Structure formats: structure tokens, C-alpha cells
Amino acid sequence: MSEHPVLPPESTDNESVAARLAREAKRQVAQGNLKKKKLVYLELNGCSGNIISLLNGSNPDFEYMITSMVDLLYSNSLMAAEGEQAVQRLFDLAAGDEEFILAVEGAVALKNNGMYHLVGKIGDRPVTGLEMAELLGKKATHVISVGACSVDGGPSAARPNLSQSVGLQGVLDRHIIKLPGCPVNPDWFLGTLAHLLMFGEPKLDDMNRPLMFYSTLIHDRCPRRPFFDQGIFAEKLGEPYCLFKVGCRGPVTRTDCPTRKWNDHVNWPIGASTCIGCAQFGFPDRMAPFISYDTTKE
Amino acid sequence: MARKIIINPVTRISGFLELDVTVENGVVSEARTKGMMFRGFEQMMKGRKPFDAIYLTQRICGICSTAHSVGSSLALEDALNVTMEEQGRYLRDIIHGCEFLQNHIRHFYQYSVPDYVKMPPEHPLFTSYEGTARLPERENAAIVEHYFESLAISRLAHQLLALFGGKAPHNHGVYVGGYTTPATAVKIIEAKSMLQKIRNFIVDKMIPDTYTISRYYPELFQMGKGPGNLMSCGAFNGYEALGTLYTEPLVFNGKTNETSRFNADLIMENINYSWYQGKKTYKPFETMPEPDMEKEDAYTWVKAPRYDGMAVEVGPLARLWLSGDYRNGISAMDRTIARSLEAGKVVGIISTLLDQVVPDYMVQKEWELPSSAQGAGLVETTRGTLGHWMKIEDGVISFYQIITPSAWDYSASDENSLGTAEQAVMGTTITDPEQPVELGRILRSFDPCMSCATHVSSPGQETKTIQVF
């Protein structure tokens, strides 16, 4: 057998590129070409649904991520340490010289100088999410906003926004990679992380979203698109036609959901109901109402 | 000597929680649990289109979002006077059941196991207290292996949820009338195949691992009892053709040892020690109290729901006790065992329901909104009893009240008693105040979800005793 067998051309769709990036990252770390970088995963004011979504990643999965891609230093949901022992790590990191990537999910609550959301305490001194976002945000080599709340406030900032929540950019004057979605698809986060580790920052659009995941309108690749083109519309949920007239936000939302799908590719929102625009800026207030039965009725 | 111990954050839970205890002569003599975040979802719902509640209330919680889609759908069905068909209920309950599986597996392996097992020290994520894990090397290694193996299984439970629900977390499958898109024959058989793999893991690994841990930490059977009052509004019960597959709506009174029928009219909320102003005690439909951080004597914004005046425990142990499946005792370890056993029970329920699903059966209609109405939705979810109460005026939501399971288990004190978890921590013997590992074990046995119990604290004001740290 030849030492260099002829292989079929590599697929260039988004999923295959992301899978190849992840594989390449594994290989480079295994060969020692890449040093494992530190990752801090900070949960702020939100539902902690992005870390749960991250656990749904399959290739790479969570085990691979912490074994071969990064040293995960901090995660409120997953770390063994608790109390001051846990929070102190963040202060040590901020005071040290070690490089790290910061991923943040949840919004920054500004009300009462940040007291509406505490990350923890040192002694009896409260450590607010606001303080931590600023402290670590300045220091990190890269900052990733993970999910709707971190990107621009999301559900945590929905009106009347009693906690005065804002996206991370609202308190951090620096370049941030933005991964909108409620929650984020695990591939969007893990693929972005892999790109950062191997090749630096991925190409971003003018809203700082990686083009490899957020370049195309859902509507343009929707499997229900032929019904739209022929003017065949569902009047209620559960019908297999275009959902435009019951309020689908696919025509304004840019993600690769129609091709990548969710949860190991088994299904996606439009496979069940409408898209509610959870990866669009301004979600949820600017995307509501999510379901209507009368959008174009006279 | 009295020493104060503050644990904040209590990690490996969903959301942010603080525990303050006073330890006298090695025993906990005062305890307070405090929610550490506030978003105000109830106020957020006002003025929105009623159907949006099904999607937006899911954002309360990333680990148990399906629960809120079910609670809000039930409240809407009540308000819209919609009677769900049995087919609607079957598939909805299947979707919801998958969340139980995802949640219980992750709570046991990712959240609880590091309290009992020495995790691989090469990962900074796992460094913690030293010398508090007791398992022999072989048993320890097996459970560590299952910690990582479980990731594929909890992922599979979410995959099964998404098969019918579109995606997880935050599904698009639960809606007024039951579900949005009908199942197909192909999906039903896919689901059965996935469920089989999940079942094998739970039966062969998760339940045995739970019992292994219980053997090496026998003192946990004597710790963390709490008030001993158990409540369920009924879980997977009252199907027309199937009857009750799990628990009837029942309440067990720990003082009198009597079990009575659950009555939703006996639910009250108290805000005496919570950061709210308004009527001190009220029924769910009565009033939405307004936030007030300056209130004296208050220490948490988790409110204090009470059933017939009692602080109660909700969740897997309460359900298994009330159904008669498990009555070994009420303690931190019994709670942990009950959660794993319940995962096995829910697999059986999903399997039974899957056999009833008729493929391609449409339940959706163009639902008509009344200009004014009100509705309540009570449902047993992963962590216990969840209630959504909604009022509609002029076609939009005018009032929304949510009482979550963790609001029951992590409630504030009222004039008569401490909250459930506070009572569970009281009297605990702390072996080493520098590494108070007992406290976290008790707290996590309830599987707290503070994203759900949602609320705020005003920290740093009340420390009067000596600081340990």
C-alpha cells in the first residue's frame, strides 16, 4: 500500500470544518506542539444553561476538553472546591503572570453596584459578578461571551430588567468574541475554543460572531424554505409547512442550526416548532411575541 | 466557642447559594441559606403575550428548563379552558421525563460524587478538601471512570428530549395542548433504543455506585433530616387508561406521622425574612410582592412557601416515600439514594408512555386567548413541586407567580420555623471547621437549583460571631 493513499476531497461545510479543527487541536496537544492553556469559565447572572449545553458536546466532549485542550480552573457548576477556597483561585490568577482564556456566561448585574449577583465571598466580603468580570476581563488573553445573556443581556436583561443586567461588553472595553444563542450550541463554543488554541482568533463578522457558525440566515437554509417560496404556510404549530406566519424568527436569525442541528444532530427548534430568534441580538424582547396566530391576517 | 462558617459559593449546584452557620462545640447551632442572584422573572412576565411564558420561563433555569415549560403550559391550559388529550399528555410527560434523567445523572456524578470520591488530582477543576474521601482505591477508581462515562449518558438523555422537543436545554416541544410536533414511528423506535442505553447505565452503574458510596459514609444516614414533612402534588399520575404510574398527590406530616391528600389551597408564601415588601403572608394568586433590599431582618430573597403552615421537603425522596417505594429514612444519604432510584423508576415510566404514543397524531389548534382569565399549573418536576400562577388581562399577562421546588427546599425562615434545608443543617456535627465537608454533602442532597429559587441577598451585614476563614 502506498504511504500516501489518495483520499477523497475533504468536505468544506461548516460541520466538517469544525470537526477537523477539533481533531487537529487534539493532535497538536497530544504531540506537545500546543501547550494547554488555562480556561476560566465564569457563570454570572443567568440560568447556567450554557455550561449544561457544553456538557452536551460530543466531539470533543467535556472529558476531552479538560484532558487535552485546556486546564479548566474554575466553573461554579462543576468544580470540586467550594467557598473561599474556590473564589481565591480567581484572585490568584488575576494577580499572577499566567495566561488564560476567559469564557463568561450570564449577564453582568449592575444594580446596587453589582450586589444583585454574587460570585462568592472572601471572608465576609462579597465578590460581585461585576467585580470579577472587570478584574479577569482585563487580564485574559481572549474573552468569549457565551450565550445570549453574556452577549447583550439576553433574558436576564429582559424588561423591566430589575437587576439592571447588561452584556459583558457593557462593562469591558476590550475585544470580545461573541457567541449568541440561548443556550449556545456546544459546537459553537468548543469549535471557537479549538480555533483559538490552534490558529488564533477565527474570522468574525462585524458583530464579533465567528463566521464559521453565524454567517448564514436560518431562513436561507431552512428545510421548510420550499414551502415559503411557494406560499404554503402553517396556520398552527405542528404542521410541516413554512412557520413564517405563526411567528418564526428564522428569517432574521443567523446561525448554522438548519445544518448542524442540536443534541448530536437529532433535531432542532424548527423540527418541533418555530425559531424564536434566541441567537439574535435583542433576544428576547426584540424577538417577542414568539408565537402568533394572526401575523398576516386581515 | 462559637465560630461562624460562611460557604459562598456552594459550588456544584445550578445557580448561586450561600450557607452561613454558627458552630458551637462542634455542632451547628444556627443556619441560614441564602440565594445569591436576582433576575425578577415574575415581574418580567407582566405585559407579555401569554404564549411567550412557555418559552421565556424556561430561561429561569438551564438544568430544569422543561419543568417551567410544563408548568406554564398547564397554567395556560387552565386559563384557556383547554382540556389536554391523553396523547398530548403522554408525549409531554415523555419529554419532561427525559429532563429527570439528564438532571439526576448529572446531579449524582458531576455534582455529588466529588463530595465523596477522590477525583483525579491532575485536573485543577477537581482540587478541593484534602483527605475527606474514604473509598478504597478500586471502588474510587470505578466511580471516577463512571463520572466520565456518565457524560455520554446524560447527553443521551438530552438527545432523547430533543428528539421530540427540538433542542435541550430550552425546548420547543412542550406547548398548550401537550406537544408541538407529533412523534413518528421512526422517532419512537429511536427513543426506545436510546432509553435502553440510559437504563443499562442507571441500573448497572449509577444505582450500584450510589449504594457503594452509602456504605462508606454511613453517618450521612443520620444527618440532614430536616422537618420530615414530605409533599408531592402528584407525579405521572391519573392517566385515563394507565392510572397512576408514580405518586398520588399526598402530603406526609412528620410530626403526626399522618399522610393526607395534597390540597393546593393550603399553599401560602411568607416574606417575613425575605427581601420583599407587601402583605406578609399571601396565597399565590393574591399578590406579587415588590423587591426591597433595605428591609430589616431579611436575609435572602428566596421567599418562604409553606404548606398548611409547615416547611416541607419536596423532590425524589418525598415522592418515593409517598408512593411507598422507599421508606428507609429521611436523611442526606436517603435523599441521594432516592434520586438514583428515581432515575430508574422514570426510565420505566417513559418506556410505558412510549408504548402509548400514536405516531403522526396532531394535537395543535389555533388556540384562542380570552381577554381576561387566570390559571394555575402545578407539576412534579426533577427537584419537586413546581407551581405557575398566571392572570391574563386585555390579552396580555398581568400577573405571574412562580413557586419552585428549590424555593420549598431552600426557603427562608418564617416566624415559626426555619426553612427546610436550614433545619436539615441544624445540629450537624462538624468534624473539621476548616474543611466542613458535611455541610456541602447535606446541602447538595437536596439538589438545590438557585437559578430557580432566583433571588438576591444583601451580604456582609450580619456577621456577629468569629470568622473562621
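What you see as residue numbers is a count from 1 along each chain, following the sequence as written. All chains are assigned letters beginning with A, and all ligands numbers beginning with 1, in the order in which they are written. Totals for whole chains, interfaces and linings use all residues, but because this is a predicted model, local features are given only for residues with pLDDT of at least 70 and pairs of side-chain atoms are given and counted only at 80 or more. Calculated side-chain values reflect all of the structure's heavy atoms, with hydrogen atoms and water omitted.

1. Considering the UniProt feature "binding site: Fe cation" (unreviewed entry) in chain B
Residue and element names in this part refer to chain B. When the UniProt feature table is mapped onto this chain, "binding site: Fe cation" (unreviewed entry) is found at C64 and C452. Spanning 389 residues, the named residues form one tight spatial group whose C-alpha atoms are at most 8.6 Å apart. Position of C64 among the secondary structure elements: in the loop between α2 (52–56) and α3 (65–80). Other than its neighbours up to four places away in sequence, C64 contacts E99, N103, R383, C449 and C452. Helical segments are the DSSP runs of H or I of at least four residues, strand segments are the runs of E of at least two, and each set is numbered from the N terminus. For C452, the position within the fold is in helix α12 (residues 450–453). Contacts are residue-level and defined by heavy atoms, with any inter-residue pair within 4.5 Å sufficient. Non-local contacts of C452, meaning those with residues more than four positions away in its chain, are made with I60, C61, C64, H68 and T404. UniProt positions are given in the numbering used here, feature names are shortened, and annotations may be inferred rather than shown by experiment.

2. Structural notes on the interface of chain A and chain B
The interface of chain A with chain B comprises 82 residues on the first partner and 84 residues on the second. Where chain A abuts chain B, roughly 7,100 Å² becomes buried across the two surfaces, and 58% of that area is made up of carbon and sulfur atoms. Salt bridges are counted wherever a side-chain nitrogen of Lys or Arg sits within 4 Å of a carboxyl oxygen of Asp or Glu. The interface formed by chain A and chain B contains four salt bridges. For R155 of chain B, the salt bridge identified is with D264 of chain A, shortest N-O distance 3.5 Å. Counting of polar contacts relies on pairs of N or O atoms within 3.5 Å, with two restrictions inside protein: one atom must be capable of donating a hydrogen and the other of accepting it, and residues adjacent in sequence are counted only when both atoms are side-chain atoms. Scanning the region where chain A abuts chain B turns up 39 residue pairs in polar contact (both at pLDDT 80 or more). Looking at the side of chain A that touches chain B, the elements that each hand over two or more residues are α2 (49–55), α3 (62–69), β2 (70–74), α4 (83–95), β5 (118–122) and α12 (269–272) of chain A. In terms of residue count, α4 of chain A provides more of the side of chain A that touches chain B than any other element does, five residues in total. Broken down by class, the residue content of the side of chain A that touches chain B amounts to 40 nonpolar, 26 polar and 16 charged. In this description, buried area is defined as the sum, over both parts, of the accessible area (probe of 1.4 Å) that is lost when the two are combined. When residue character is reported, Ala, Val, Leu, Ile, Met, Phe, Trp, Tyr, Cys and Pro are called nonpolar, Asp, Glu, Lys and Arg charged, and the others, Gly included, polar.

3. Section: the domain arrangement of chain A
All names here are of chain A. Throughout the structure description, domain borders are defined by an automatic or database domain assignment. Each assigned domain of chain A is listed here: domain 1 (14–213) and domain 2 (216–298). Look at where the C-alpha atoms of domain 1 and domain 2 centre, and you get two points 28 Å apart. Across the domain 1 to domain 2 interface the summed buried area is about 1,800 Å²; carbon plus sulfur atoms make up 53%. Interface area lost by domain 1 to domain 2 is led by E15, W188 and R209, which between them contribute 27%. One can count one salt bridge joining domain 1 with domain 2. Of the charged contacts, one joins R260 and D187 as a salt bridge, the two residues approaching to 2.8 Å between their closest N and O atoms. Scanning the region where domain 1 abuts domain 2 turns up seven residue pairs in polar contact (both at pLDDT 80 or more). Only α1 (14–30), α7 (148–152), α8 (186–199) and α9 (211–214) provide two or more residues apiece to the side of domain 1 that touches domain 2. Looking at side-chain class alone, the side of domain 1 that touches domain 2 contains 14 nonpolar, seven polar and five charged residues.

4. Considering the packing of α4 of chain A against helix α6 (residues 129–139) of chain A
Residue and element names in this part refer to chain A. All axes are obtained by fitting lines to C-alpha atoms, using only the stretch in contact for helices, and the reported angles, taken between N-to-C directions, cover 0 to 180 degrees. The interhelical angle for the contact between α4 and α6, taken along N-to-C directions, is 35 degrees, at an axis separation of 9 Å. The element α4 and its partner α6 pack so that their crossing is left-handed. The residues of α6 that touch α4, namely those facing V87, L90, F91, L93, A94 and A95, are E131, M132, L135, L136 and K139. Per-class residue counts for the contact of α4 with α6 are nine nonpolar, no polar and two charged. By definition, turning the near helix anticlockwise from the far helix through less than a right angle yields a left-handed crossing, and turning it clockwise yields a right-handed one.

5. So, the UniProt feature "binding site: [4Fe-4S] cluster 1" (unreviewed entry) in chain A
Mapped onto this numbering, the UniProt entry gives "binding site: [4Fe-4S] cluster 1" (unreviewed entry) at C47, C149 and C182 of chain A. Spanning 136 residues, the named residues nonetheless gather at one spot, since no C-alpha pair among them exceeds 9.9 Å. Its location among the elements puts C47 of chain A in the loop between β1 (37–43) and α2. With a 1.4 Å probe rolled over the protein chains alone, any residue whose accessible area is under 20% of its type maximum counts as buried; one over 50% counts as exposed, and the rest are partly exposed. A residue is classified by how much of its surface remains accessible, and C47 of chain A, at 9% relative accessible area, is buried. Sequence-distant contacts of C47 of chain A, defined by excluding residues within four places in its chain, comprise S14, R39, R59, I60, C61, G62, H170 and S451 of chain B.

6. Overview of the pairing of strand β8 (residues 258–261) of chain B
Residue and element names in this part refer to chain B. Pairing geometry for strand β7 (residues 250–253) and β8, over four bridges, is antiparallel. Bridge pairing in β8 places V251 opposite S260. Between the end of β7 and the start of β8, which pair antiparallel, lie four residues, with N257 showing a positive phi angle near 60 degrees. Between any two strands, at least two bridges found by DSSP are needed for them to pair.

7. A look at the UniProt feature "binding site: Ni(2+)" (unreviewed entry) in chain B
All names here are of chain B. Those residues carrying the UniProt feature "binding site: Ni(2+)" (unreviewed entry) are C61, C64 and C449 in this numbering. Positionally, C449 belongs in the loop between α11 (437–445) and α12. For C449, a relative accessible area of 0% gives the class buried. The residues touching C449, leaving out its near neighbours within four places in the chain, are S14, C61, I63, C64, R383 and S406.

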